[in-house]
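# Commentary on secondary and tertiary structure
The lines below spell out each chain.
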Amino acid sequence: MLESFFKITSQGSSVRRDILAGIATFLAAMYIIVVNPTIMSAAGIPFASALTATVLVSFFGSLMMGLYARNPILVAPGMGINALFTYTMVIGAGIPWQTALGCVFWAGILFAVLAVFNVRRYIIDAIPAQLRYAISCGIGLFITVIGLVNAGFLVSNPATVVGLGEMSPTLVTFLIGLAITAVLVARNMPGALIIGIVATTVMATAIGRLWGDASAFSPTGSATLVNFEGIFALPDFSAVGQLDLIGALNVIYWPFIFVVLFTTFFDALSTFMGVCQAGKLLDRNGEPRNIRQSMMVDAMSAVISAPLGTSPANAYVESAAGISQGGRSGLVAVTAALLFLPFLFLSPLLSLVPSIATAPALIMVGVFMLDPIRHINWYEFDDAIPAFIAMILIPLTYSITHGVVFGFLAFVVVKAGVGKRHEIRPTMWILAALSLLLLFQE
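An unreviewed UniProt entry lists the chain under the name AGZA family xanthine/uracil permease-like MFS transporter, from Kushneria indalinina DSM 14324. Listed in UniProt under the heading Subcellular location (unreviewed entry), the comment for the chain reads: "Endomembrane system".

### A look at the overall build of the chain
Helix and strand counts for the chain come out as 19 helices and four strands. Its C-alpha atoms give the chain a radius of gyration of 21 Å, within 12% of the compact-globule value 22 Å for 442 residues. With respect to the principal axes defined by its C-alpha atoms, the chain has extents near 65 × 65 × 45 Å. With 442 residues in all, the chain has 56% of them scored as buried.

### Points about helix 8 (residues 129-150)
Across its 22 residues, helix 8 extends 32 Å between first and last C-alpha, which sits within 8% of the 32 Å expected from 1.5 Å per residue. Across the 22 residues of helix 8, 18 count as buried, placing the element largely inside the fold.

### Regarding helix 2 (residues 15-29)
Along its 15 residues, helix 2 runs 21 Å from first to last C-alpha, staying within 8% of the 21 Å computed at 1.5 Å per residue. Of all the residues in helix 2, the buried ones are Asp-18, Ala-21, Gly-22, Ala-24, Thr-25, Phe-26, Ala-28 and Ala-29. Each element contacted by the buried residues of helix 2 is listed here: helix 3 (32-41), helix 13 (320-323) and helix 14 (331-340).

### So, the nonpolar core
In this structure, Ile-33, Met-79, Phe-85, Ile-127, Phe-174, Met-295 and Met-428 are the most contacted members of the largest nonpolar core, which totals 139 residues. The dominant element in this core, judged by the number of residues it contributes, is helix 11 (residues 254-278), at 13 residues. Formed jointly, this core draws a minimum of three residues from each of two domains, domain 1 (1-146 + 241-349) and domain 2 (376-441). The residues touching Phe-85, leaving out its near neighbours within four places in the chain, are Met-40, Ala-43, Ile-45, Val-90, Trp-97, Ala-100, Leu-101, Val-104 and Ser-311.

### Looking at the domain arrangement of the chain
If you check the domain split of the chain, you get domain 1 (1-146 + 241-349) and domain 2 (376-441). In this structure, domain 1 and domain 2 have C-alpha centres spaced 26 Å apart. Listed per partner, the contact involves 27 residues of domain 1 and 23 residues of domain 2. Counting each side, the surface lost to burial between domain 1 and domain 2 is near 2,200 Å², with a carbon and sulfur contribution of 80%. Among the residues domain 1 hides against domain 2, the three largest losses belong to Gln-130, Leu-131 and Phe-142. Together they make up 24% of the total.

Cut-offs used in this document
Residues numbered from 1 in each chain as written. Predicted model: local features only at pLDDT ≥ 70, side-chain atom pairs only at ≥ 80, totals over all residues. Heavy atoms only, no water. UniProt positions renumbered as here; feature names shortened; annotations may be inferred. Helix = DSSP H or I, 4+ residues; strand = E, 2+ residues; numbered from the N terminus. Rg over C-alpha atoms; globule rule 2.2 N^0.38 Å. Buried < 20%, exposed > 50% of the residue type's maximum accessible area, 1.4 Å probe, protein only. Expected span 1.5 Å × (residues − 1). Contact = heavy atoms within 4.5 Å. Core = buried A, V, L, I, M, F, W, Y, C linked by side-chain atoms within 4.5 Å. Domains from an automatic or database assignment. Buried area = accessible area lost by both parts, 1.4 Å probe.

Quick look at the structure:
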């Protein structure tokens, strides 16, 4: 039955190989089950509720990717976009998390419209590749900074703006965890990030018990960093349906809807193109296999994310872990989807994980997201300067929105200034004008 539905043999694989590839993909991406609720909880969404939303979105998105798009690609709440939601929209701009979820929903609806009408090529042509690469790298740097701040490695310093945190038991534990995670990643160990999270959590149990005091890091002010409260619990649906759809349509939130749409759309598109190119999952025209169906799945996953209580889902580059082991059919994604479900009932166990344990994973994700930097043309300054401005301002302003805005403006100003107005698409002029409006509105 599986062979008949997925046509596994004709794609050069087998049922056993695709199931094993699905397990490998899940192990490479399962860190999101802990990391995403940690980031969402900083926005005010209860950890257990965010975990429930993360698991459900990952299950439905990956299942649809396998059954409808027939691609071996996992879908889960995206890294980068969750940082945009929490640190730029909720904490930075002061948007209530319910309204921010409403923005996510409307961005998902717009994404679905773009996917239905298959306009990806027009959008790709409008925004220069150099800026797309730079924004992806900037988000990677932003995630790295978040990890370093969460671990207490980077702290505010009146004299130098930022500085190195005091060497303490929590910081030493983080550094050891980071070293372990980095070595595992460098050795291409399956599930390296989740192993690093578990190892750091185990080491952190000693803080406040055998040495040190974790009250500065503990949400409850407890001297101990890891506090056992059980293993199993029923799923928490308290954030389901809490999105503010009407409030999100206020004109002051339109720029945020656009940035969520922009980030989600290009994350999805770049992931599909990169993973399918590397795995040779291409159609007869040389495009990613079933790209239209895959983009539709990604769009619908983004739409259902907000009502469930989390930031948008998108395709995961970690899917390459399973594809590199021979996974070729949608059975890979279906297998990964099913492996998410048991974690619906493990929120007390997963809430053990402290921020210093997820920080190494965030830093490694930052490393992965810097891959496009090699595609930026650093030898042509009219390309390099806008790209650099977008990339560096995202982490330095602690805002993906500001990095995107100044990147667009820099591109238009520099290109026009050197006499290359023909390289500025009409859409870019519109985006630059919207960027100016956003800046003056602030």
